[in-house]
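Read off the chains here:
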Amino acid sequence: MPVARHVLSHAAERPSRLAVRGPSSELTYSALARRIDGAARHLRRLGLGPGALVAVAPADPVELLVAVLAADLAGATPLVGDPAWDRERWGQVTGEHLAAHIDAPLPHVPGHDPHPEARPGDLAWACFSSGSTGRPRAIVRTRASWTDSYAHLDRLAGIGPDDVVLVPGPLVSSLYAFAALHALATGATAILPGRWPAGRSLAAHLAGASVVHVVPHRLPDVLRQPGSVRVALVGGAALEPGARAAADAAGVRVVSYYGATEMSFVAMDADGGGLRPFPEVEIEVRPRTDGSRTGSGEARTGAQAPLGEVWARSPWLAEGYLAGAAGPLRRDGDGWVTVGDLAEPYRPGQVLRLRGRGDGAIQTGGATVVPEDVEEVLRKVPGVADIVVVGLPHPSLGAVVTAVVEAQETSAPRRALLEATARGGLDAAQRPRRWFVVPSLPRNPTGKPARALVAARLAGGDPEIRRLA
């Protein structure tokens, strides 16, 4: 069922319940339902119904959400984009497939004519990949591939209609777009600041929220001042060591998950026991198709084990990229897909142990280095706020392992300490040979470091990236 119809149902049952609050406005379920209904009617009078791809990019997150739900109710396919993009940029990522572009509040058209009936298999949602490994790609999916997973998430995370859900990031990120739509489908209140709220603003938001969606590097900020938050849903890379203990001390239950924009949920850890398949998901870890045997990060101990690619089969998979664009998503013809993420050998019933993205692996001097393995060790060094490891071209090695450190505000890490930590925790091939420091790493909309952009800036001689003495 369209999320918009869930909103209409909640409006009939709890009209005065706050549905959404943004930086400059808020709407009860009754007001949101009225806005969606009238705006959907406007879109249909423009001929934007089933099969029409509609770009949605108002700067205000509340207006953006109204437009997304209106397109959903009208039967069109909303594609959320960055409000900063101009029409040329939209053309680059969507080609000739857009039927309309919405960047302002939609007008209200009164009436009582019924909206189109929805089918689970409709191509009803579109979103962009994070862009962490290259240019963002528009991904299309059926309505059911998102909405039918909501009940599982409600049960596993304990989310219900009385919750207040903080979604502290831009909705162009599929992680945050999913979070906002799930909150409204559940009948909860969605708080949409539009970007990460810092300082006192974060404290104020957390004081009124019961659930928050974050990426791993933002979890410590939440735990320092958790307010009334009882559940933190953490999507993306692996949690830092000690994160769950810190969450327990703060009275916050952490529910972490692994997935990809193309695959939605793949695995979840709801109790600290490790990642296991999300409901209705089958997982296999297969040998890499290029025949390489990537080390697990334990090569220095002599216990090198081959990593494989994570393949999944489930109802939550996307249909693919818009207009058949190229990307990391691959299929095997039997319903299984992968985006090239790496993991240790896995059997059903075991914990899934991820080791990074295969297409980000660094080939250096005949060895294969997984950047996340190196980052995990070096991120613990005092003075390191965050770190990205990339491979820079080298005439004889193929690539040289290079670390770009985001320094903490109070102190920058010493290179000698970084090198000593690398010698103690990494195999010789994994140790960075070049070290740089930057005031702030570029990040994608989910808040994760944009690895490809870091590499591009290094190659382009960005003056903000300085060699670490």
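In this report, the structure presented in the accompanying data block is examined.

Reading guide: rules and limits
- Residues numbered from 1 in each chain as written.
- Predicted model: local features only at pLDDT ≥ 70, side-chain atom pairs only at ≥ 80, totals over all residues.
- Heavy atoms only, no water.
- Phe/Tyr/Trp six-rings, centres within 6.5 Å; stacked < 30°, edge-to-face > 60°.
- Helix = DSSP H or I, 4+ residues; strand = E, 2+ residues; numbered from the N terminus.
- Buried < 20%, exposed > 50% of the residue type's maximum accessible area, 1.4 Å probe, protein only.
- Lys NZ or Arg CZ within 6 Å of the ring centre and 35° of its normal.
- Salt bridge = Lys/Arg side-chain N within 4 Å of Asp/Glu carboxyl O.
- Axes fitted to C-alpha atoms, helices over the stretch in contact; angles between N-to-C directions.
- Parallel < 35°, antiparallel > 145°, perpendicular 65-115°, else oblique.
- Contact = heavy atoms within 4.5 Å.
- Nonpolar A, V, L, I, M, F, W, Y, C, P; charged D, E, K, R; others polar.

**Section: the packing of aromatic side chains**
- Scanning the entire structure with this criterion turns up 10 aromatic pairs.
- Ring geometry for Trp-85 and Phe-128: centres 5.0 Å apart, planes at 80°, overall edge-to-face. You can see Trp-85 sitting in the loop between β4 (77-80) and α4 (87-94) and its partner Phe-128 sitting in strand β6 (residues 125-128), a full 43 residues away along the chain. In this structure, Trp-85 and Phe-128 share a single accessibility class: buried.
- Aromatic rings pair up to connect Trp-125, Trp-146, Tyr-150, Phe-178, Tyr-257, Phe-265, Phe-278 and Trp-316 into one cluster.
- Stacked on the ring of Trp-311, the Lys or Arg Arg-286 has its end atom at 4.5 Å from the ring centre.

**Notes on the pattern of salt bridges**
- A complete count under the given rule lists 28 salt bridges for this structure.
- The closest approach of N and O atoms between Arg-286 and Asp-332, which form a salt bridge, is 3.1 Å. Of the two residues, Arg-286 is situated in strand β15 (residues 282-286) and Asp-332 in the loop between β18 (330-331) and β19 (337-338); the sequence distance between them amounts to 46 residues.
- Its relative accessible area of 33% is what places Asp-332 among the partly exposed residues.
- Between Glu-375 and Arg-451 there is a salt bridge, with its nearest N and O atoms 2.6 Å apart.

**Things to note about the environment of Arg-224**
- Note on placement: Arg-224 falls in helix α9 (residues 219-224).
- Take Arg-224: its relative accessible area is 62%, and that puts it in the exposed class.
- Residues Arg-224 and Ala-323, spaced 99 residues apart in sequence, show a C-alpha to C-alpha distance of 45 Å.

**Points about the packing of helix α1 (residues 3-13) against helix α3 (residues 61-74)**
- The contact between α1 and α3 brings their axes to 7 Å, and the two run at 100°. The pairing of α1 with α3 is recorded here as roughly perpendicular in orientation. Taken together, the residues of α3 that come into contact with α1 (itself represented by Val-3, Ala-4, Arg-5, Val-7 and Leu-8) are Leu-69, Asp-72 and Leu-73.
- Among the residues making up the contact of α1 with α3, the classes are represented as six nonpolar, no polar and two charged.

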